[in-house]
Amino acid sequence: GAGVSQSPSNKVTEKGKDVELRCDPISGHTALYWYRQSLGQGLEFLIYFQGNSAPDKSGLPSDRFSAERTGGSVSTLTIQRTQQEDSAVYLCASSHQWGQGPDTQYFGPGTRLTVL
Amino acid sequence: AQKITQTQPGMFVQEKEAVTLDCTYDTSDPSYGLFWYKQPSSGEMIFLIYQGSYDQQNATEGRYSLNFQKARKSANLVISASQLGDSAMYFCAMRESPASNDYKLSFGAGTTVTVRA
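Given the structure is predicted, the values throughout are model-derived calculations rather than measurements.

I keep staring at the environment of Trp98(A) and nothing clicks. Help me out?
Within the fold, Trp98(A) resides in the loop between strand S9 (88-95) and strand S10 (106-107). Considering only alpha carbons, one finds Trp98(A) and Ala31(A), 67 residues apart in sequence, at a separation of 8.6 Å.

Take a look at the structure:
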């Protein structure tokens, strides 16, 4: 079946602009996660969705970062007033909910964000 | 505190030989899951193998096996009969139980494996 998809695959933006990153999880996966991977920082957790709610936003680095999920499916990560330190690969993953199937997280191909 | 430690930044292995990638973890949660992912130069994170904390046997998946030593809190990945396509970054990750209100994966720093012909 189809895996996790993300768009765009690459995004170059100017400092101060807003960007939206999209994630389409595996069909039937109710849990969705955003991570960030940057040089020197490794993989950092950003936010977790269960259905449309986000019980864990602890990894969002600042209030410039927000995310939503609608219809229990597609999620959008928005970064406002981008800064150069936001440059990274943003990875989305999805899984079954704990206790409702194997909860292995499957990752999308990522969005490479470059802030000039 | 670091939850996952991978002490080998990079490793070289000859084609057709086996290689062991080290991973130690730190948790007080009795219920947890350990995962290994492969990230080739293309960037995608590919799930390889899973070991649950209550699993009695070491996990195996094709050429991948996990050497799980619970008392030592280690979960080393063994890749047998290495192939050129195994050249990639490998990440060890842990997920603790929802009882700890923690649903995310915690990742190690990764180990780069280069397979030589």
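Having seen the structure, we can now continue with the description.
Would you mind going over the sheet that holds strand S3 (residues 19-24) of chain A with me for this structure?
Across a sheet, paired strands are connected by hydrogen bonds in the backbone, their directions being either parallel or antiparallel. Residue and element names in this part refer to chain A. In space, the four strands of this open sheet follow the order S1-S3-S8-S7, with antiparallel pairing throughout. The sheet is open, and its two edges are formed by strand S1 (5-7) and strand S7 (65-69), each paired on a single side. If you compare each strand with its neighbour and ignore which way they point, the axes differ by 15 degrees on average. Where S7 and strand S8 (residues 75-79) come together, five bridges link them in antiparallel fashion. Residue pairing in the sheet places Arg69 in a bridge with Ser75 of S8.

Is there a simple way to explain the environment of Gln39(B) in this structure?
All names here are of chain B. Mapped onto the secondary structure, Gln39 falls in strand S5 (residues 32-39). Residue classification places Gln39 among the buried residues on the basis of a relative accessible area of 10%. Considering only alpha carbons, one finds Gln39 and Gly110, 71 residues apart in sequence, at a separation of 9.4 Å. Within the local environment of Gln39, its side chain forms a polar contact with the backbone oxygen of Gly43, the two atoms lying 2.8 Å apart.

Each value, and the rule that gives it
Residues numbered from 1 in each chain as written. Chains lettered and ligands numbered in written order. Predicted model: local features only at pLDDT ≥ 70, side-chain atom pairs only at ≥ 80, totals over all residues. Heavy atoms only, no water. Helix = DSSP H or I, 4+ residues; strand = E, 2+ residues; numbered from the N terminus. Pairing = 2+ DSSP bridges. Axes fitted to C-alpha atoms, helices over the stretch in contact; angles between N-to-C directions. Buried < 20%, exposed > 50% of the residue type's maximum accessible area, 1.4 Å probe, protein only. Polar contact = N/O pair within 3.5 Å; in protein donor to acceptor, adjacent residues only side chain to side chain.

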